[in-house]
Each structure stands twice: as C-alpha cells, then as structure tokens.
Amino acid sequence: APGPAKAMSAAAPIATKEEREAEELAQRALADPELRKVLEDKDVQNVLYHVQLRDTRPVEDLMRRPDMVVKLRRLGSAGLLQMSWA
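The shown structure was predicted, so the numbers you read here are calculated from the model rather than taken from an experiment.

On to the packing of helix α3 (residues 33–40) against helix α4 (residues 42–53), then. Here α3 crosses α4 at 70 degrees, and the two axes come no closer than 5 Å. With respect to each other, α3 and α4 are oriented roughly perpendicular. Contacts between α3 and α4 involve V38, L39 and E40 from the former and K42, V44, Q45 and L48 from the latter. Partitioned by chemical class, the residues of the contact of α3 with α4 number four nonpolar, one polar and two charged.

Of all hydrophobic cores here, the largest spans twelve residues; its members are A29, L35, V38, V44, V47, V59, L62, M63, M68, L72, L75 and L81. Elements with a minimum of two residues in this core: α3, α4, α5 (60–64) and α6 (66–77). In this structure L35 touches A29, R74, L75, A78 and L80, once residues within four positions along its chain are discounted.

Between side chains of opposite charge, pairing is possible as soon as their charged atoms come close. For the structure on display, the rule yields nine salt bridges. With a shortest N-O distance of 3.0 Å, R74 and D32 are connected by a salt bridge. Of this pair, R74 sits in helix α6 while D32 sits in the loop between α2 (17–31) and α3, placing them 42 residues apart in sequence. In this structure, R65 and D67 form a salt bridge, with 2.8 Å as the shortest nitrogen-oxygen distance. Residue class for R65 comes out partly exposed when judged on its relative accessible area of 28%. For D67, a relative accessible area of 34% puts it in the partly exposed group. Each member of the salt-bridge network shares a partner with another, and the members are D32, E34 and R74.

The rules behind each value
- Residues numbered from 1 in each chain as written.
- Predicted model: local features only at pLDDT ≥ 70, side-chain atom pairs only at ≥ 80, totals over all residues.
- Heavy atoms only, no water.
- Axes fitted to C-alpha atoms, helices over the stretch in contact; angles between N-to-C directions.
- Helix = DSSP H or I, 4+ residues; strand = E, 2+ residues; numbered from the N terminus.
- Parallel < 35°, antiparallel > 145°, perpendicular 65-115°, else oblique.
- Contact = heavy atoms within 4.5 Å.
- Nonpolar A, V, L, I, M, F, W, Y, C, P; charged D, E, K, R; others polar.
- Core = buried A, V, L, I, M, F, W, Y, C linked by side-chain atoms within 4.5 Å.
- Buried < 20%, exposed > 50% of the residue type's maximum accessible area, 1.4 Å probe, protein only.
- Salt bridge = Lys/Arg side-chain N within 4 Å of Asp/Glu carboxyl O.

Here is the structure:
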C-alpha cells in the first residue's frame, strides 16, 4: 500500500499550464526587489484591490498620481497587471 505522502500526491490537483505560468511569474516578481517594493506599497495594494473588484472609482485620484502611474506601468511591464490607459 502506498504511504501517506504518495496518496496525498496522487490526490493533489494537477496545475494547469496557466496556473504554473502565473506561479512562476509571481515567484520572479517577488525575487525582484524593485517589483517587491511596488507590490508592498499600500496605495498600490489599494488600487489592485479595487481593480480586482472592477470598481476603480474609490481610487481614481490615486491612480492619476504620477508616481502611481509609474508603479502601475512597472507592474504592467512585468506582466503582473493589464490595464488600458485611456
């Protein structure tokens, strides 16, 4: 009979290609000190939270700040964020 570790690995879901790519992207981003600093910024986290909710009204002014635009574009260039800049 297989041991507990073997049984657990058999029951673990196989990650999709997209899930594996997302995990690799996240690991690379966290290994980059500049990206890590951007991701740890409370204002960036607030914007990302509202973007996920698809309700950016509460953070529109924040998103217009030149420093925030630079940070969000940095995330975009790293492949972590997709936004249209209207």
